[in-house]
Structure formats: C-alpha cells, structure tokens
Amino acid sequence: MKYKILKVIDVSGLTFLTPVVRLCYGEEPQKQWREIARFIGAPLVAFVVFLGLWTVLAPKHRTKSGEVPTPAVVLESANDIWKFHLRENAKEHAYSMTGEERQAQLAEAQERLAKLPPYEAAAAKKVAEANEARAAAVTAALEPLQQQYDERQAEIAAAQAARESDLLKQAAGLESASVDEKQAYLAAVASHLAAVDDERDELQELKGQQTEVRSQPFAPLAAALRTQTKIAEEKQFLTKLIEQLDRANRAQKATRQVASLRDQQKQFLASSGEDAYALAKSIDKSKRRIETTAESTYAKPYTLPMQIWRSVLCVFVGFLIGTAIAVPIGVCCGLSKTAMAALTPFIALFKPVSPIVWLPLALIIVGGFIPDPDKNPLIQWMENLPFIGWMQINPAFIASAITVALCSLWATMTNTALGVASIDKDHLNVARVLQLGFWERLFKIIIPSALPLIFAGLRISLGVGWMVLIAAELLSSSEGIGKFVWDQFNNGASDSFAKMMVVVFVVGAIGLLLDRIMIVLQRMVSFEGSVAAI
Amino acid sequence: MASPDDRFVEIFRLIKAYPNPYGEPAVVVDGFNLIMRRGEVVSVIGHSGCGKSTVLTMVAGLNSITQGSVAIAGREVEGAGPDRAVVFQSPCLLPWMTAYQNVLLGVKQVYPHGSKQQRREICEHYLAEVGLADAMHRYPREMSGGMQQRVGIARAIALKPQMLLLDEPFGRLDSLTRMELQDVILRILDRERITTLVITHDVDEALYMSDRVCMMTTGPRAKVGQMLDLPFARPRDRKEVLEHFLYYELRGCLVSFLEQQDKRTFKTVAVPSGTDHTIEAMSETRSDFRAWRHEASDLIAGAADAASTATVELMAGKN
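Cut-off values and rules
- Residues numbered from 1 in each chain as written.
- Chains lettered and ligands numbered in written order.
- Predicted model: local features only at pLDDT ≥ 70, side-chain atom pairs only at ≥ 80, totals over all residues.
- Helix = DSSP H or I, 4+ residues; strand = E, 2+ residues; numbered from the N terminus.
- Rg over C-alpha atoms; globule rule 2.2 N^0.38 Å.
- Buried ≥ 20, exposed ≤ 12 C-beta atoms within 10 Å, placed from the backbone.
- Contact = placed C-beta atoms within 7 Å.
- Pairing = 2+ DSSP bridges.
- Axes fitted to C-alpha atoms, helices over the stretch in contact; angles between N-to-C directions.
- Expected span 1.5 Å × (residues − 1).
- Bend = angle between axes of the 7 residues up to and from the residue.
- pLDDT = per-residue confidence, 0-100.
- Parallel < 35°, antiparallel > 145°, perpendicular 65-115°, else oblique.
- Left-handed = near helix turned anticlockwise from the far one by under 90°.
- Nonpolar A, V, L, I, M, F, W, Y, C, P; charged D, E, K, R; others polar.
- Core = buried A, V, L, I, M, F, W, Y, C linked by C-beta atoms within 7 Å.

(A) Just the overall build of chain A, in detail. On a plain count of helices and strands, chain A comes out with 18 helices and two strands. Taken over the C-alpha trace, chain A has a radius of gyration of 36 Å; the compact-globule value for 534 residues is 24 Å, which it surpasses by more than 25%. Taken along its principal axes, the extent of the C-alpha atoms in chain A is 120 × 90 × 65 Å. Counting all 534 residues of chain A, 23% fall into the buried class. In chain A, the share of contacts with a sequence separation of at least 24, taken over all contacts with a separation of at least 6, comes to 76%.

Dropping the structure here:
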C-alpha cells in the first residue's frame, strides 16, 4: 500500500507529498520532517512573504483605476465572481422551473426579498453616518489648513503690494538715471515677477493639501458602501429571480400564450370576412410563438467559470489540430533528410511569428469559410453536441483555436523530428533483421521509441498554446478568459482591477494543471520508467 | 563435388573498406574466408577491434559488403533478413514491448499465414525453451541482463533461421549467467541443428561452444589467421570438455595465437602457417587497395580453394 501510494505520487510528480506519506508510515521521522520543512515549509514561507509584501506595497501605488488591490480584495473579488456565477445559474434554473417546485422557489425568494428592507435601511444609515463622520473629519482637518492658507495669502498680498509700490517709486526717477541703474531696475522687476510666480505656486500647493485631505479614502465609509452595494446586488438578484420564476418563467409564458391562443381560436370560430382572415393569421403567429417559447432558454451571460471551460476546450481543440499537423510532419522530417531539408526553412520562418499576427489572418480565413454561422452545418452540428453545445462554438472560437495550433505546433514538430531521427540504431537493426515493412517499422519501432520526446514536445506545445490562447481570445473576442480580462479592462469598475488579478491566478493554476497532466502522460509513455525532468 | 551440406555457408573473400577522404580507404577486414557445414558451430575469436563484429554484421546484412560474397545453401544473400537471425551483444529488446511481444514481432514476420493461436504457441515454446516461461509478460526494464539476453536468444531462434549469428552474446554478463546461457544455447542448437557463427573474445567460450574455432588476425586488414578443429563430442558436457586430454593443448594454441597477434605491429604480417587447419591466407601484400581492386576479379576467378562467385551462381541456378 505504502509503495503504491509512493509510486502514484512519483508518477504524478507530486513528490513534495512523499515525505508526508513516509512520515505517516513512521519511516525515519527526523529525515522526513527535514524534507517536509524544505519542500512544503519553504514554499509556504515564501508564499506568505509574497502575500505580505503584496499587502504592504499594493496600497502605495495609486492608479486611475483605483488602488492596486491587496490580496484580501482580490480574494473578495474571486468570491464575487463565483457568486455571480451561482446567481446566473439560479436564474437559468428558475426560467425552466415548473409546477410546485416553482411555487416553492418563488415563495422562498419573495420571503428573502421581504427580509431585505431593514438591512437596506441599516446600511443606508451606516453610509449616512460614515458620510457625516467623514465630513466632520475632513472639516476638522481642513480648518487649520484653510487658516494657514488665508494667513499666508494675506502675507503674500502685503509683501507683493510693498514690492510693487517700491518699484514704482524707483521708476519715477528713472529718466535721468544711468544705464547701469536702468539695468539694475530691470533686474529688480524680473526678480519681483519671479517671486510672484513662486508665491502663487506656494499657495497652490497649500490648496493641493486641502484637496488631498478631501480625497483621502475613509475606511469606514468604504466598508459601509460595500455593504450597501452587496445588499443592493442581492436585492436586484432576488427581483430578477422572482421575475424568472414568475412573469418571465417559460411555463408561465407558455400558459399565457396558450390561453391567448384559445381566445383567438374562439373568436375565429365566431367570425367571418376580413376579421376571420386577420384572426387566422394571428392564430398562426401565436402557434409559432408557443413553439419558440418551448425551445427557449434563459439568455445567460457568460460567467468566468463558463469562460474558463470554453478556454480549456479551445486550447484543447487548438492543441489537437496542432498535434495532428505537427506529429506527421515531424515524423516525415525525422525519417527523411530530404524532407527535413525541405521543411527546415518553413519551420524557421514561421516559428517566431507572434499569435497577434496569426489571429487576424485566421479570423479572415475562418470567416471566409463560415460567412453565416447560423446556417453553417458544422456550427449547427456542434451546437447540438452534448457537453460542449452550450459553449456556442463560433468562428472566433475556431480562429482562436487555429491560432493556438499555429503557435504551439512547432515544439511538437521539432521534438518529433528529433525523436524519430535519434532512434537507437540497434532497434533499427532489429527491424532490418526481421524485414519489417514500412508501416510496421513506423508503428512498432519508430513511433514508440520517439514517444517520450514527442510527449515532451506536446507538453511544451500545450504550455505555449495556453499562453497564446489568452491573447488570442482577448483580440478575437471569443468568449473565454482573455475576453473576461478585456471586458474588465474596458469596464473600469471599481473591482475590475481585482478581477483581473483573480484571472492571473486562475490562468496560472490551469496552466499548472495542464502541465501536470502532460507530465503524467509523458511518464506513462516513457518506457524506460525514468523520471522525466520537471 | 562435396554435398551441399558440407558447404552450407560460404563466406568468400569478405572485404570491408571505409572510404577515407584524405587517403587510401581504411580496410578493416581484408578477405575473410569461411566455409561451414550445415549444423556446424564456428567461433570467431580475435582481439577486440580486430573486425570480428564487422564480419558478423556483414554476414547479417546489417553492414554493406565492400567486396566478396556470402552464400547460404548455395544462394547468395543480400541485405538483412530473418534467415540469418542475430543475437546482439546488448539484448536490443524493444523496451516498450514485453518479452512475449518482442518474440511475437519476429514470429509474425516469419509465419505470416499462421493463426494467432499458432503464433502464440511458437512464442511460448521458445520463451519456455530459454527458461522464461514465467516471465514472458514482463517488460525488459523489469528483467535482469541475463533474462533480457534470453529473450534475445528466443527471439532469434523463433525465426527458424538458416543461420544463427551470435555477436558476443554474453559479453556483458557475469560469468555465472554466461555459463548458464552457454548451456541454454547449446541445448537449443543440439536440438535444432542451426548453423551458427559465434563471435567471442573468450577462449574458453570458443572451446566449449564450437566445433571449429576461426582465429582472426588483428586489424586493420584482418583476415582468418588459423582454423582449429575441436575434437569434443556433442552434446557438450562442460566437465567432459574441461577434462579432455587435448583441452589445454588447444587452449594453449588459441592463447599463443592471440598473444602473437598482440605483438604484431601493423606493418609486418606474420601469420603462423603449416597446420592442416590453416586456410590459405591471402599472401599478396597489397599496399594499394585501389590497384588491387582492379585485379580483384582476376583473383577471384583464379582462387582454387574456395567457391568462386561463378560457382555460387551456378549452384544457385541448380537449386
């Protein structure tokens, strides 16, 4: 059992758990504790230091989009994002609810909504109090500053008037003065004007101090406002939920529509002439509307978790396209020096091309193939697929996937070529003695022996693909993580900054996970049972 | 003319020369002659680097032949093929396949029309033969060097080859395993009567395993120095061989030949001759390889003691 666990840990690359397992089995406790301190303790300490530095340094830098968020704010944003996702799910669910379940939900939602007003009032009161407190604090802080400003202003005005009258006096006798004296007078006027400028600046600075005090963040007020926003959001959600459960609910809509159809039919039976024609037309329209209603779903906006799934699917589609191109070409290059010579310039030429260049091209080309997504059979077919149908695969998605493929396939291609070319001569000799045919040699000897290197390439490709994808989505507006970041950037709400930081961690974590998966696969195909580099 | 079985394998004036851009081609093997009876085991012994393995790889078809020919059962062979199975020095198993799959890969090639069941039986039979009945579904990395070499042997024998080529098959094994595997091979050879060429640098191994020992001169320009017929009966018994009254004399003969080769400088060619076993070594001293190549065809036509390519072709035609 112990060795099984250790082996699983080893294969999955989570070697930092090894000492924990060994410790649990009581093997050399001292050594294990040392290992734990090194491989778990040290990273934890580093992480805590990182969080600490972040917390201290973040508020020191103020930007147009507000303060750089601290870890606590980022965590709260993550929470908000999740909450938004849950709420949208609830609304979607509510839309298609029927019967008693709907009634129960509706009652519950209304009850919750009814409980809100006192909280709302309390929050409003708190905000008002905080506003007052802040106003008092600001006034208190401003008073001495204003006083200082007034005093200084009076001083300066007096000084300026004195200097001016002095200069005027000098000017009176200037006609008969010598050239030197005239020169001196010019200098005196210049210095007077410079002094006036300086004094104006000084006063402005004093004013600036007041503005500073006014714009100083006031923590209790911010907290009160946050609470108020939270309650407002909850209220809005509950109102919308009730709407989805009640008036906008699919079943309710259908009932209403059927009732109106019945009315129309009754009227139709009793009518004749032009009326009858008009009624017949509206009966047909109503029937169609009922059909559409039956098929309709809640128009749910994309939430970050959905966007993440879509991004992951996109990177895998791109990765598969890339692999399907890279591996065969790599094998050809590895097998034939001529093919290698023929393709090396292309590889060298296209490898450094940035995703930013590929994407517009891919968009145009895909757009050329799919001018009207709503009528394209491929797109229609994909919309009806289980699991991925809801992701609404569109040309932008395909273009992003192709960009991922184009940027990521090079690592796989070169690694495959290397793996095939560097196959053990002895293994080829075996193939020659057995007179294996081309395909047998390829599938029984060459590809298995190149697999570890191919997988090393695939791992790099997937990593590159993931990085490229975010940029591609950002540009192509294909719903995904990149789109989320772009939307936040353009949105400029007070929590946008924090949400973008949440994305940093999400992207990192998913990239790490993909890499781990590839490592495990790589180890599984590595026939030597050797531990690949991490 | 002798029966075809007496000249089952004919290796005639095998030459291996590597082109050298700055001078004469480097001649590694210079006229290797050997005729083997059907079912005979011949060891080729010589110092390391003398070209023994080159000879074997040329016979196996894994290394191109510069000049000369190899014929089996009167047919000149070209390229590699399963009729000449090779056991390599390193086991050369495909590491992504189990022992069984490694053997099966060859069996599939040799018995293309056999049913799955038949192929399985063949594989299992030969794996059991080399003592791996219990380990046939293990991967090479899960086996010791000796076990891996057993799989290599099973893979070669399962091809039902006309000729078996062993390229220092035990060179990387410890002496206990080596002795075990020698017996495994001898037992199989006694039963299957496969004509076998063993490359070795171990005097005792050569004496124990073979019917004749072919001693090669030290390269470059290596060739057969001496042939030694061994009087030991088959099937072999290690004790019997070791206690044979001629054993130490024969051993001394081999050792002294090798020692002599050791002292030989590259320029002077001193091949001891005079025994019945000596194949006429090529006596022409050829300093200019290219010049010699022009007269090579005449030489081959004039060679009296071995079958000329013409007769090889004739015999092939007869068959």
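(B) Representation of the overall build of chain B. On a plain count of helices and strands, chain B comes out with 10 helices and 10 strands. Burial statistics for chain B: of 319 residues in total, 42% are counted as buried. Summarising the internal contacts of chain B: among those between residues at least 6 apart in sequence, 72% fall at separations of at least 24.

(C) Representation of the pairing of strand E6 (residues 84-87) of chain B. All names here are of chain B. Neither face of E6 is open: one carries Arg-84 and Val-86, the other Ala-85 and Val-87, and all of them are buried. Bridge analysis of E6 against strand E7 (residues 163-167) gives four bridges, and the strand direction is parallel. Paired with Ala-85 across the strands is Leu-164, a residue of E7.

(D) The arrangement of the pairing of strand E4 (residues 67-72) of chain B in detail. Residues and elements named next belong to chain B. With five bridges connecting them, strand E1 (residues 9-18) and E4 associate as antiparallel partners. Following the sheet pairing, Phe-12 is matched in E4 by Ser-69. As judged from the two bridges shared by E4 and strand E5 (residues 75-76), these two strands associate in the antiparallel manner. Opposite Ala-71, over in E5, you have Glu-76 as the bridge partner. Where E4 folds back on E5, the antiparallel hairpin that results is connected by two residues, among which Ala-73 adopts a positive phi of roughly 50 degrees.

(E) Structural context of the sheet that holds E1(B). Residues and elements named next belong to chain B. A sheet is described by the order of its strands in space; here four strands give the open sequence E2-E1-E4-E5, paired in antiparallel fashion. Single-partner strands in this sheet number two, and they are strand E2 (26-36) and E5. The sheet strands contacting helix H1 (residues 52-60) are E1, E2 and E4, and the helix crosses E1 at an angle near 115 degrees.

(F) Representation of the sheet that holds E6(B). All names here are of chain B. Strand order in the open sheet made by the six strands is E6-E7-E8-E3-E9-E10, with mixed pairing throughout. Looking at strand neighbours, the two that pair on one side only are E6 and strand E10 (224-229), the edges of this open sheet. Each strand of the sheet is rotated relative to its neighbour by a mean of 20 degrees, with strand direction disregarded. Where strand E9 (residues 212-216) lies against E10, five bridges are found, and the strand directions are antiparallel. Considered in E10, the bridge of Met-215 is made with Gln-226. Against the sheet, helix H4 (residues 145-157) engages E6 and E7, with an angle of about 180 degrees to E6.

(G) Here's a closer look at helix H11 (residues 337-350) of chain A. Residues and elements named next belong to chain A. Compared with the 20 Å implied by 1.5 Å per residue over 14 residues, the 20 Å span of H11 between its first and last C-alpha is a close match. Along H11, the largest kink reaches about 40 degrees and is centred on Leu-343; proline Pro-345 follows within four residues of it. Little of H11 is tucked away, with zero of its 14 residues classed as buried.

(H) Summary view of the confidence of the model for chain B. All names here are of chain B. Of all residues in chain B, 81% have pLDDT values of 70 or greater, and the mean over the chain is 78. Note that pLDDT drops below 50 for residues 265-319; the model gives that stretch 54 contacts with residues more than four away or on any other chain. Two numbers describe this predicted complex: its pTM, 0.77, and its ipTM, 0.73.

(I) View of the packing of helix H2 (residues 99-110) of chain B against H4(B). Residue and element names in this part refer to chain B. Taken N-terminus to C-terminus, the directions of H2 and H4 make an angle of 25 degrees; their axes are 8 Å apart at the nearest point. By the angle between their axes, H2 is roughly parallel relative to H4. Crossing geometry of H2 relative to H4 is assigned as right-handed. Counting all contacts with H2, which are made through Ala-99, Asn-102, Val-103 and Gly-106, the residues of H4 involved are Val-151, Ala-154 and Arg-155. Here the contact of H2 with H4 is composed, by residue class, of four nonpolar, two polar and one charged.

(J) A look at the confidence of the model for chain A. Considering every residue of chain A, the mean pLDDT works out to 88; 98% of them sit at 70 or more. Scored below 50 in pLDDT, residues 530-534 of chain A makes six contacts in the model with residues more than four places away or belonging to other chains.

(K) Broad picture of the interface of chain B and chain A. On the side of chain A, 15 residues touch chain B, which itself brings 17 residues to the contact. Counting residues per element, the ones that place at least two in the side of chain B that touches chain A are E6 and H2 of chain B.

(L) Highlighting the environment of A:Glu234. All names here are of chain A. For Glu-234, the position within the fold is in helix H7 (residues 219-245). The partly exposed category is assigned to Glu-234, around which 18 C-beta atoms lie within 10 Å. Spatially, the C-alpha atom of Glu-234 lies 33 Å from that of Pro-386, the residues being 152 residues apart in sequence.

(M) How the structure looks around the environment of B:Met58. Residues and elements named next belong to chain B. Tracing the chain through its elements places Met-58 in helix H1. For the pair formed by Met-58 and Ile-15, sequence separation is 43 residues and the distance between their alpha carbons is 9.2 Å. Contacts of Met-58, omitting those with residues within four sequence positions, involve Leu-14, Lys-16, Asn-63 and Ile-65.

(N) Inspection of the packing of helix H17 (residues 481-491) of chain A against helix H18 (residues 496-525) of chain A at higher detail. Residues and elements named next belong to chain A. At their nearest, the axes of H17 and H18 sit 9 Å apart, and the two run at 160 degrees to each other. Viewed along their axes, H17 and H18 adopt a mutual orientation that is roughly antiparallel. The handedness of the crossing between H17 and H18 comes out as left-handed. Contact with H17, carried on its side by Ile-481, Phe-484, Val-485, Gln-488, Phe-489 and Asn-491, involves Ser-496, Lys-499, Met-500, Val-503, Val-506 and Val-507 of H18 and no other residues of that element. Of the residues contributing to the contact of H17 with H18, the split by class is eight nonpolar, three polar and one charged.

(O) Structural context of the nonpolar core. If you look at the biggest cluster of nonpolar residues, it comprises 154 residues, and the most contacted ones within it are A:Val404, B:Val103, B:Leu127, B:Ala154 and B:Leu165. Among the elements that make up this core, the one with the highest residue count is helix H16 (residues 438-476) of chain A (17 residues). Every residue in contact with B:Val103, bar those within four places of it in the chain, is listed here: B:Cys123, B:Tyr126, B:Leu127, B:Val151, B:Ala154, B:Arg155 and B:Ala158. In this structure, A:Ala109, A:Phe237, A:Leu238 and A:Leu245 belong to the second largest nonpolar core, which totals seven residues.

(P) Representation of the environment of A:Val404 in the model. Residue and element names in this part refer to chain A. Looking at where Val-404 falls in the secondary structure, it is placed in helix H14 (residues 395-421). Under the C-beta neighbour-count criterion, Val-404 is labelled buried, with 34 such atoms within 10 Å. Sequence spacing of Val-404 and Phe-455 is 51 residues, and the spatial spacing of their C-alpha atoms is 17 Å.

(Q) Structural detail: helix H4 (residues 71-95) of chain A. Residue and element names in this part refer to chain A. Spanning 25 residues, H4 covers 36 Å between terminal C-alpha atoms, matching the ideal 36 Å at 1.5 Å per step. Residues of H4 that are buried include every one of Val-73, Val-74, Ser-77, Ile-81, Lys-91, Ala-94 and Tyr-95, and no others. Of the surrounding secondary structure, the elements contacted by the buried residues of H4 are helix H5 (99-172), H7, helix H8 (250-269), helix H10 (304-335) and H18.

(R) Spotlight on unusual backbone geometry. Residues and elements named next belong to chain B. Along the chain, Arg-234 connects to Pro-235 via a cis peptide bond; the corresponding omega equals -10 degrees. Structurally, Pro-235 is set in the loop between E10 and helix H7 (238-243). Here the phi dihedral of Ala-73 falls at roughly 50 degrees; this positive angle occurs in a residue that is not glycine. Note on Ala-73: 19 C-beta atoms within 10 Å, which makes it partly exposed. Backbone geometry places Arg-193, a non-glycine residue, at a positive phi of 50 degrees. Among the secondary structure elements, Arg-193 is positioned in the loop between helix H5 (175-192) and strand E8 (195-200).

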